[in-house]
Amino acid sequence: MIANTEWYRIFLHAAEYSNLTKAAQSLHMTQPSVSYAIKQLEEALGVELFARLSKGVRLTQEGQALYLHVRQAFEELDSAERRMKRLKQFSEGNLRIGANGAIIKDFVVPLLEQFHARYADIRIQLSQEKTNLILERLKLGSLDVGYVYLPISDDEIEIVSSHVSPFCVVVGKAFADLQKEPLTTQQITELPLLMLSPGSTTRSFVEMWFRSQGVSVEADFELNSLEMITELVERGYGAAFLPRAFVMSRIRSGSLKELRTVVPLPDRHIGIAVRRQSAPSIAAKAFIEMLQQSTDS
């Protein structure tokens, strides 16, 4: 830009008032200062913008062409400032969250309900995705916040908060007798096992627990949905390793039975991830602050 932005603002007022004195008054400037700014703009652009009349000024053909662009530009700036104000006041904005399916019900939804009650005008976009895809979308900037299973190792990702998510082994009523004594890892492998498909962090977590005891394991059912796994376990098709919070209501009702294991299952940890060294949106910042407050309380 070869000209001072302030010159364009002065030019706009002069064009709309067709009088330099009135333009100066509206701008809280002196008339000579307005005349000087317009002269500087004309010299910078190399065109004459106003015809000087005995009682005011009139845009030249070149001035009229410039006026249309300058008016539109300042209208856009005014619109941008109004939108910034609405965003700051939470009158509009987007919050984009990605979460693993098993995490949404027990960890994401309760906080979303609080956030939505406080900031009803913020549009919430929630995507159910695997951890690796959530991390990629965070780095691309298409998500603001991601709920992922830990650990992760990525220099571009920062974990701003975390929760513990205990896992358990459950069966349906058909296997209720197995509750009498803690089961060895080998005994568990002898049961029909229902697992998520290979590639999921939950599948890797379960397989790692078996490997840590020198036991290899194969799944009898491989599914993409924890809901479907839970449904089949409840119907008596076998055993599954599931987040305790995810199945607690069914354990309490008695439709699922939690088995004890000789070697305890380790807890899983859920991290709330953001892209490192990026400025979160106002909505995302408010959500993260609410999340951290709920963790501290």
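Right above here is the structure, for reference.
The structure reproduced in this document is the subject of the present report. (Residues numbered from 1 in each chain as written. Predicted model: local features only at pLDDT ≥ 70, side-chain atom pairs only at ≥ 80, totals over all residues. Heavy atoms only, no water.)

Let's talk about the side chain of S255
Alright, step 1. By the secondary structure assignment, S255 is in the loop between helix 10 (244-253) and strand 11 (257-259).
Alright, step 2. Side-chain polar atoms of S255 contact the side chain of E234, separated by 2.5 Å. (Helix = DSSP H or I, 4+ residues; strand = E, 2+ residues; numbered from the N terminus. Polar contact = N/O pair within 3.5 Å; in protein donor to acceptor, adjacent residues only side chain to side chain.)

Focus: the packing of helix 1 (residues 5-17) against helix 2 (residues 20-27)
Alright, step 1. Interaxial distance between helix 1 and helix 2 falls to 8 Å at its minimum, and their mutual angle equals 125 degrees. The angle between the axes of helix 1 and helix 2 places the two elements in the oblique class. At the point where helix 1 passes helix 2, the crossing takes the right-handed sense. On helix 2, the residues that touch R9, I10, H13, A14 and Y17 of helix 1 are L20, K22, A23, S26 and L27. (Axes fitted to C-alpha atoms, helices over the stretch in contact; angles between N-to-C directions. Parallel < 35°, antiparallel > 145°, perpendicular 65-115°, else oblique. Left-handed = near helix turned anticlockwise from the far one by under 90°. Contact = heavy atoms within 4.5 Å.)

Brief notes about the nonpolar core
Alright, step 1. Residues Y147, F210, I229 and F287 are the most contacted members of the largest nonpolar core, which totals 61 residues.
Alright, step 2. A total of eight residues in this core trace back to one element, the largest contributor, which is helix 5 (residues 101-118).
Alright, step 3. Residues A23, A37, L41 and F50 belong to the second largest nonpolar core, which totals 23 residues. (Core = buried A, V, L, I, M, F, W, Y, C linked by side-chain atoms within 4.5 Å. Buried < 20%, exposed > 50% of the residue type's maximum accessible area, 1.4 Å probe, protein only.)

What about the sheet that holds strand 5 (residues 145-150)?
Alright, step 1. In space, the five strands of this open sheet follow the order 4-3-5-12-6, with mixed pairing throughout. Both outer strands of the open sheet, strand 4 (123-128) and strand 6 (157-165), are each paired with one neighbouring strand and no more. The mean angle between the axes of side-by-side strands here comes to 25 degrees, regardless of whether they run parallel or antiparallel.
Alright, step 2. By the bridge criterion, three bridges tie strand 3 (residues 94-99) to strand 5 in an arrangement that is parallel. Residue pairing for strand 5: I97 is matched across the bridge by V145.
Alright, step 3. Its contacts with the sheet place helix 5 against strand 3, strand 4, strand 5, strand 6 and strand 12 (268-275), and it is angled at close to 175 degrees to strand 4. (Pairing = 2+ DSSP bridges.)

As for the environment of L87
Alright, step 1. On the secondary structure map, L87 appears in helix 4 (residues 61-88).
Alright, step 2. Separated by 81 residues in the primary sequence, L87 and E6 place their C-alpha atoms 26 Å from one another.

Describing the environment of M290
Alright, step 1. In this structure, M290 sits in helix 11 (residues 282-296).
Alright, step 2. Separated by 175 residues in sequence, M290 and F115 have C-alpha atoms that sit 7.7 Å apart.
Alright, step 3. Contacts of M290, omitting those with residues within four sequence positions, involve L111, Q114, F115, R118 and Y119.

Looking at a negative patch on the surface
Alright, step 1. On the surface, a cluster of negative charge is made up of E16, E75, E76, D78 and E81.
Alright, step 2. A total of four residues in the negative patch trace back to one element, the largest contributor, which is helix 4.
Alright, step 3. Assignment of secondary structure puts E75 in helix 4. (Patch = residues over 30% accessible without salt bridge, like charges linked within 9 Å, V, L, I, M, F, W, Y side chains within 5 Å. Areas by Shrake-Rupley, 256 points an atom, 1.4 Å probe, with all protein chains shown as cover. Salt bridge = Lys/Arg side-chain N within 4 Å of Asp/Glu carboxyl O. Lys, Arg positive; Asp, Glu negative; His and termini not counted. Charge placed at Lys NZ, Arg CZ, Asp CG, Glu CD.)

With respect to the sheet that holds strand 10 (residues 239-243)
Alright, step 1. Taken in spatial order, the five strands line up as 9-8-10-7-11 in an open sheet, and their pairing is mixed. Each of the sheet's edge strands pairs with one partner strand only, and the pair in question is strand 9 (221-223) and strand 11. Between one strand axis and the next, the sheet turns by 40 degrees as a mean value, whatever way the strands run.
Alright, step 2. One ladder, built from three bridges, connects strand 8 (residues 193-196) with strand 9; its direction is parallel. Counterpart to L194 in the pairing with strand 9 is F221.

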